[in-house]
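So you can see what is in the structure, the chains are spelled out below.
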Amino acid sequence: MAKYPFETIEPKWQKYWEENKSFKAVEDMAVPADKRVYVLNMFPYPSAQGLHVGHPEGYTATDIYCRYLRMKGYNVLHPMGFDSFGLPAENYAIKMGVHPAKTTAENIGHFRQQIKALGFSYDWDRELATSDEEYYKWTQWIFLKLFEKGLAYEAESPINWCPSCKTGLANEEVVDGLCERCKARVVRRRIRQWILKITAYAERLLADLDGLDWPEPVKQMQRNWIGRSEGANVIFTIDAYTGPDGKPGELEIYTTRPDTLFGVTYMVLAPEHPLAEKIASPAQKAAVSAYIEEAAKKSDLERTDLAKDKTGVFSGAYAVNPVNGDKIPIWIADYVLISYGTGAIMAVPAHDERDWEFAKTFDLPIIKVVSASPPEGGKAPLASAARGASSAAPLPGGSAPKPPDEADACSAADGWSVNSGRFSGLPTAEAKAKVTSWIEEQGFGKRAVNYRLRDWVFSRQRYWGEPIPIVHCDNCGIVPLPERDLPLKLPDVESYAPTGTGESPLAAISGWVNTVCPKCGGKAKRETNTMPQWAGSCWYYLRYLDPHNDKAFAARDKQEYWGPVDLYVGGVEHAVLHLLYSRFWHKVLYDLGLVSNKEPFIRLVNQGMITSFAYQRKDKILVSADQVEKTAEGRFVEKASGEEVTEVIAKMSKSLKNIINPDEIVRDYGADSLRVYEMFMGPLEVSKPWNTAGLIGVSRFLERLWAIAGKCRSGHAAEAQAPAHAEYVRLLHKTIKKVSADTASLNFNTAISQMMIYSNELAKLGEVPCSLWEPLVIMISAYAPHLGEELWEKLGHAESVSRSAWPVWDEKLAADDEVTIVVQVNGKIRDKFTAPAGTPKAELEKTALALPGVLKWIEGKTVAKLISVPDKLVNIVIR
């Protein structure tokens, strides 16, 4: 089989596409709205390592889809750019001793060259990078709109602090207590921050998920992150403590289970709670201060890990339970977060696992107030029946007498209230409603909706990010820059290493920091924190619509022509961070009348991960490939220790030395082979292990197509034989139908399989009529565009194959000759058979009743009814 010369073909057509701007998108008003499509890949961060073979998977999928749509008559916008600000670029620049602007530009150049080498049909005239001044001018402009709307505010707050990156991290950037970027252990720290009020949009972010064509797991991840719950805010007074206003101190808590108020046996404050140290008794003050200091060293995830041992310290103070007057101890414990609810909880250990473990650890009372079964006679024993009844205060250490109905085990399940005064005997749902109404009537509580979602910690204490367009004036306070002063550019400096003090490196650049107030003209200082990497990626899909506009982030007519994004493809790892933030910004812009749609991305597809192989020890630790050798017996062992290891599928990573470089694949097999193989590996959304043997098989398929082209004949001699090729004509139309449907639905692997089947049959012919060959060339050009263009040119066409019309099929010719008939007995599949398409019902039923797999189920039974669906099934109903 002849090897096709991809080494010369691929550069040839890449040059042609670039010189002719073959995929430039133009707002042609003659194209109707339903024929305009915006297809977008999540743009890459341009790392120094360049692309690995996982990157092209999503890019190839959208490229095939876009090429198909163009040939179907659609006007397609398909742009590409780079997410170029952020910590990774800055850390790499510091490591290499080169300015991040220079390393970022070099990395973008490398990425661009790699992407172009794969033949993707991007409109490169719309390329953008989030670190370009003309781009981040509009990021800063949007920030000012957030500020004007009251959605950006400054606060000193506890944050996740990465001691390695020396910056604050959002909760979403902390994974298992480690920095998502550098894997350092994250600690807690109080620092001045800019924060975006994403919680103001929590309900809309939640409700509008229902209308999106997104994978359900992604929508559920966002629902869980937003974490809406309904319950009540309840006020507990602090015994013998007076606040600064001279009034009795109060603790407000949020609970989703107001029906369990009678089971509260202690309270807990987060270590960061403003009252934690204030209410501490003289005897406990030192212990409380020491505990708070220790808790600050832990991340939120560490603190809330269900598997960890519970820690805490008694404050020495007591609260009064408003439903029964009981005095209950107030503890300080790190399993309660200041960022959730009010930073204080009522503890009901009988019905909350964390409270149970804490109570067991510190020997605190546990009172059962929910029973799994209804009480006899419909009523349960009463505990303290009315508000104001008193009881002895339980002391830390468990010196209080055992309650009358202490729980033997923890259960958070619904049931019936017990030991709950007038509410005993009520089922949980009714008890919740009645207790909530009662506490509202009594004036110490009210209904409330709460969210797990916290406001977005937006600033970073680093250099390589968008400067925040704010100045701090002694006279005027916080003052936004006028729009005419945008972009506020990063100063060009030699030193940009983080200070580690909590301030940005910008703080040390006095010539940049010191400025004048745009409001009063007095002395002022610029904001020295910068925006996070997420800022630029929140809205880049809008800038693609009008990337060279210096008057607006995107003209309204361009937005209305293309927007919103019809298909968005990227990794599921962005399910919460990028997607949630983008939706938030988009909704703000919508409220300001700056965009026309409530949501940015109509349809979302997550491509599966392309994995590789690694080696695993018995303790589950992975070992890189260069540390392993294969013995003569075929076992894998670690070189250093001789310990046997197991070959496993694992994520590609530098540390495991299992990254597949696409440049090497393109060099050895060609870009088209890489593209087709990645689509042939399996369904787009499924993770798949890389296997070079499969790549070789795909390469041979393309070589077969190259060989068939040499047998293609046009003119009378070949075409006159077409009637003798009736079976090929039918197979062609079936192929067009199958490939069209599968390409439109992103089922690329099965489309490729069908083209392989058809090409195998064509290869059997001595001469191939053009009428049988040209439609396949058009279809394969979406998948292997370089080869497709070359084959199209060999057929004598002067114009690019991308300008041709997608082939159509004749339904009669595409119809199956035979169909599979499923046979059921009382609705359960018992056998099946093939029959000519269109076989009458009577014949299908006769055949079904005689099948061996059916006879054993109907023997000795009465056939009550036969239900037949032509070309599909026969269901035999027996008695």
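Cut-off values and rules
Residues numbered from 1 in each chain as written. Predicted model: local features only at pLDDT ≥ 70, side-chain atom pairs only at ≥ 80, totals over all residues. Heavy atoms only, no water. Helix = DSSP H or I, 4+ residues; strand = E, 2+ residues; numbered from the N terminus. Buried < 20%, exposed > 50% of the residue type's maximum accessible area, 1.4 Å probe, protein only. Contact = heavy atoms within 4.5 Å. Lys, Arg positive; Asp, Glu negative; His and termini not counted. Charge placed at Lys NZ, Arg CZ, Asp CG, Glu CD. Pairing = 2+ DSSP bridges. Axes fitted to C-alpha atoms, helices over the stretch in contact; angles between N-to-C directions. Parallel < 35°, antiparallel > 145°, perpendicular 65-115°, else oblique. Left-handed = near helix turned anticlockwise from the far one by under 90°. Core = buried A, V, L, I, M, F, W, Y, C linked by side-chain atoms within 4.5 Å. Expected span 1.5 Å × (residues − 1). Arc of directions from axis to C-beta. pLDDT = per-residue confidence, 0-100.

## Concerning the overall build of the protein chain
When its secondary structure is counted, the protein chain shows 27 helices and 35 strands. By principal-axis analysis of the C-alpha atoms, the protein chain measures approximately 105 × 90 × 65 Å. For the protein chain, with 879 residues in total, the buried portion stands at 53%. Partitioning the intrachain contacts of the protein chain with sequence separation of at least 6 by distance along the chain shows that 73% fall at a separation of at least 24. Counting 104 positive and 111 negative side-chain charges, the protein chain places the centres of these two groups 2 Å from one another.

## Details of the sheet that holds strand 19 (residues 477-480)
If you walk across this open sheet you meet the four strands as 19-18-21-20, and the pairing is antiparallel. A single partner strand is all that each edge strand has here, and the edge strands are strand 19 and strand 20 (514-516). Each strand axis lies, on average, 40° off the axis of its neighbour in the sheet, ignoring direction. As judged from the three bridges shared by strand 18 (residues 470-473) and strand 21 (residues 523-526), these two strands associate in the antiparallel manner. Counted as the bridge partner of Cys 473 is Ala 524 from strand 21.

## Notes on the packing of helix 3 (residues 87-96) against helix 4 (residues 100-116)
Put simply, helix 3 and helix 4 touch, their axes get as near as 9 Å, and they point 110° apart. Here helix 3 lies roughly perpendicular to helix 4, going by the angle between them. Here helix 3 and helix 4 pass one another in a crossing that is right-handed. Residue-level contacts link Ala 89, Glu 90, Tyr 92 and Ala 93 of helix 3 to Pro 100, Thr 103, Thr 104 and Asn 107 of helix 4.

## Things to note about helix 24 (residues 785-794)
Most of helix 24 is tucked away: eight of the 10 residues are buried. Buried within helix 24 are the following residues: Pro 785, His 786, Leu 787, Gly 788, Glu 789, Glu 790, Leu 791 and Trp 792. Packed against the buried residues of helix 24 are helix 1 (6-20), helix 2 (55-71), helix 18 (671-680), helix 19 (692-709) and helix 23 (770-783). Following helix 24 by one or two positions, Gly 796 has its phi on the positive side, about 100°.

## A word on the environment of Cys 410
Relative to the helices and strands, Cys 410 is located in the loop between strand 14 (370-371) and strand 15 (416-417). Between the alpha carbons of Cys 410 and Ile 366 there is a distance of 9.3 Å; along the sequence they are 44 residues apart. Those residues within four positions of Cys 410 in sequence are excluded, and the remaining contacts are Pro 349, Ala 350, His 351, Asp 352, Glu 353 and Trp 356.

## Observations regarding the nonpolar core
Soluble globular proteins tend to bury their nonpolar side chains together. Among the nonpolar cores identified, the biggest contains 152 residues, and Trp 585 and Trp 773 are the most heavily contacted of them. Looking at this core element by element, the count peaks at 10 residues for helix 23. Non-local contacts of Trp 585, meaning those with residues more than four positions away in its chain, are made with Thr 139, Ile 142, Leu 146, Leu 196, Trp 456, Phe 458, Ala 535, Cys 538 and Trp 539. Of all hydrophobic cores here, the second largest spans 57 residues; its members include Ala 232, Tyr 241, Val 264 and Val 435.

## With respect to the environment of Cys 165
With respect to the helices, strands and loops of the structure, Cys 165 is situated in the loop between strand 3 (152-162) and strand 4 (167-169). The exposure class of Cys 165 is buried, given its relative accessible area of 1%. Separated by 440 residues in the primary sequence, Cys 165 and Val 605 have C-alpha atoms spaced 32 Å apart. Discounting chain neighbours no more than four positions away, the residues touching Cys 165 are Leu 87, Asn 91, Cys 179, Cys 182, Arg 462 and Pro 498.

## Description of helix 11 (residues 428-442)
Taking 1.5 Å per residue, 15 residues should reach 21 Å; helix 11 reaches 21 Å between its end C-alpha atoms and fits that length. Burial in helix 11 covers these residues: Thr 428, Ala 431, Val 435, Thr 436, Trp 438 and Ile 439. Each buried residue of helix 11 sits inside an arc of 165° when the element is viewed along its axis, so together they form one side. The exposed residues of helix 11 that point more than 90 degrees off its buried face are Ala 429 and Glu 441. For helix 11, the secondary structure elements touched by its buried residues are strand 8 (228-242), strand 14, strand 15 and strand 16 (445-451). Directly beyond the C-terminal end of helix 11, a positive phi value near 90° is found at Gly 443.

## So, the pairing of strand 19
In terms of strand pairing, strand 18 meets strand 19 through four bridges, oriented antiparallel. From the neighbouring strand, His 472 faces strand 19, where its bridge partner is Ile 478. The turn linking strand 18 back onto strand 19 is made up of three residues.

## Focus: the confidence of the model for the protein chain
Across the protein chain, pLDDT averages 90, with 94% of residues at or above 70. Counting contacts from residues 379-402, a segment whose pLDDT is below 50, to residues more than four positions away or on other chains yields 54 contacts.

## Here's the deal with unusual backbone geometry
A cis geometry characterises the amide bond from Leu 486 onward to Pro 487, with omega recorded as 0°. Following Gly 563, the chain continues to Pro 564 via a peptide bond in cis, the omega torsion being -10°. The residue Pro 564 is located in the loop between helix 15 (556-562) and strand 22 (567-570) in this model. If you check the backbone angles, Lys 21 has positive phi at about 45° while not being a glycine. Its place among the elements puts Lys 21 in the loop between helix 1 and strand 1 (36-41).

## Things to note about the sheet that holds strand 2 (residues 75-77)
Reading across the sheet, the four strands line up as 2-1-22-23 and stay open at both edges, with parallel pairing between neighbours. In the strand order of this sheet, the two ends are held by strand 2 and strand 23 (604-606), each with one partner. Across the sheet, the mean angle from the axis of one strand to that of its neighbour is 20°, orientation sign disregarded.

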